[in-house]
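Chain and residue survey
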Amino acid sequence: SYIASELSISDGSQVVFAGPGSSFNTDVTLPASAVTTYTLTSTLNGETATDNVTFITGPPEVADPPAGFRPGAVDMDNGDVLLQLRAPGKIDVFVLGNFNDWSATAEGRMQKSIDGETFWLMVPAADIDGDLIYHYLIDGNIRQPDPYSALVLDPNNDRFISNQTFSGIPPY
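Being a predicted model, the structure only gives us computed values, none of them experimental.

Notes on the pattern of salt bridges
According to the stated counting rule, one finds 2 salt bridges in the structure shown. Of the charged contacts, one joins Arg 86 and Glu 117 as a salt bridge, the two residues approaching to 3.7 Å between their closest N and O atoms. Within this pair, whereas Arg 86 is found in strand β6 (residues 81-86), its partner Glu 117 is found in the loop between β8 (111-112) and β9 (118-123), the two being separated by 31 residues in sequence. Between Asp 92 and Arg 109 there is a salt bridge, with the nearest N and O atoms lying 2.6 Å from each other.

Here it is, written out as structure tokens:
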């Protein structure tokens, strides 16, 4: 049997469904945007669990990255972070990280350069709390750390690294 809780689904700007229960069934109409992320929430006894579901209905936005910056992560003067990944022949790239709960969201979708060789995203300073920790999700099935990063986190093996070897390793 399932436990009834307070359930909701939101698209970020409006609540699509809210109510008590152990399940729900509702129709949603996807907006015209190329990516829509819905947040599912369940609250029981003051504890809340959330998950995201992302629908991709169009290609990534095409625009050249800001000129004069190297690939990888670049700290901008205003606190934003520019992420650039060279990925010739790839179709779509998302950034999964601690700024978006490691989920493929509309805000984490990278723009594709006009020549199709580079993907880029400006992560706003307001979304970054401490170190920016991230991976790339390439074409929906390749999870790749930033090849230009000085620190690469591994969810499968980091737990075996002792504090003597690396003290203060960020949680994945």
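Describing the sheet that holds β8
An order of β5-β6-β9-β8 is seen for the 4 strands of this open sheet, with the pairing classed as antiparallel. Since the sheet does not close on itself, it has two edges, and those belong to β5 (72-75) and β8, each with one partner. With 2 bridges joining them, β8 and β9 adopt antiparallel strand pairing. Across the sheet, the residue bridging to Lys 112 is Phe 119, located in β9.

Some words on the pairing of strand β2 (residues 15-21)
In terms of strand pairing, strand β1 (residues 5-10) meets β2 through 6 bridges, oriented antiparallel. By the bridge assignment for β2, Leu 7 is matched with Gly 19. The hairpin formed by β1 and β2 contains 4 residues between the paired strands, and Gly 12 there has a positive phi angle of roughly 100°.

Here we look at unusual backbone geometry
The residue Asp 101 is not glycine, and still its phi comes out positive at about 60°. Its place among the elements puts Asp 101 in the loop between β7 (93-97) and β8. Judged by its relative accessible area of 53%, Asp 101 is exposed. You will see that Trp 102, though not glycine, has its phi angle at about 55°, which is positive. Structurally, Trp 102 can be placed in the loop between β7 and β8.

Overview of the environment of Ser 8
Looking at the secondary structure, you find Ser 8 in strand β1. Distance in space between the C-alpha atoms of Ser 8 and Asp 77 is 39 Å, their sequence separation being 69 residues. The contact partners of Ser 8, leaving out residues within four places of it in the chain, are Phe 17, Ala 18, Thr 39, Leu 40 and Thr 41.

Observations concerning a nonpolar patch on the surface
On the surface, Val 28, Leu 30, Val 53 and Phe 55 cluster together into a nonpolar patch covering about 260 Å² of accessible area. Its location among the elements puts Val 28 in the loop between β2 and β3 (35-44).

Some details on the packing of aromatic side chains
Two aromatic rings are characterised by how far apart their centres lie and by the angle between their planes. With the rule as written, the count across this model stands at 3 aromatic pairs. Ring geometry for Tyr 134 against Tyr 136: centres 5.7 Å apart, planes inclined by 70°, an arrangement best described as edge-to-face. Owing to a relative accessible area of 11%, Tyr 134 belongs among the buried residues under this scheme.

As for the nonpolar core
One finds Leu 83, Val 93, Val 95, Met 110, Leu 132 and Tyr 136 to be the most contacted residues of the largest nonpolar core, which totals 16 residues. Looking at this core, the elements with two or more residues in it are β6, β7, β9 and β10 (134-138). Filtering out sequence-adjacent residues up to four positions away, Tyr 136 remains in contact with Leu 83, Gln 84, Leu 85, Val 93, Phe 94, Val 95, Met 110, Ile 142, Arg 143, Gln 144, Pro 145 and Asp 146.

Focus: the side chain of Ser 103
As for its position among the elements, Ser 103 is in the loop between β7 and β8. Ser 103 gets classed as buried once you look at its relative accessible area, which sits at 12%. Engagement of the side chain of Ser 103 in a polar contact is seen with the side chain of Asn 52, the distance being 3.3 Å. Excluding residues within four positions of it along the chain, Ser 103 makes contact with Asn 52, Val 95 and Leu 96.

What counts and what doesn't
Residues numbered from 1 in each chain as written. Predicted model: local features only at pLDDT ≥ 70, side-chain atom pairs only at ≥ 80, totals over all residues. Heavy atoms only, no water. Salt bridge = Lys/Arg side-chain N within 4 Å of Asp/Glu carboxyl O. Helix = DSSP H or I, 4+ residues; strand = E, 2+ residues; numbered from the N terminus. Pairing = 2+ DSSP bridges. Buried < 20%, exposed > 50% of the residue type's maximum accessible area, 1.4 Å probe, protein only. Contact = heavy atoms within 4.5 Å. Patch = residues over 30% accessible without salt bridge, like charges linked within 9 Å, V, L, I, M, F, W, Y side chains within 5 Å. Areas by Shrake-Rupley, 256 points an atom, 1.4 Å probe, with all protein chains shown as cover. Phe/Tyr/Trp six-rings, centres within 6.5 Å; stacked < 30°, edge-to-face > 60°. Core = buried A, V, L, I, M, F, W, Y, C linked by side-chain atoms within 4.5 Å. Polar contact = N/O pair within 3.5 Å; in protein donor to acceptor, adjacent residues only side chain to side chain.

Keep in mind that these numbers describe shape and distance, not what the molecule does.
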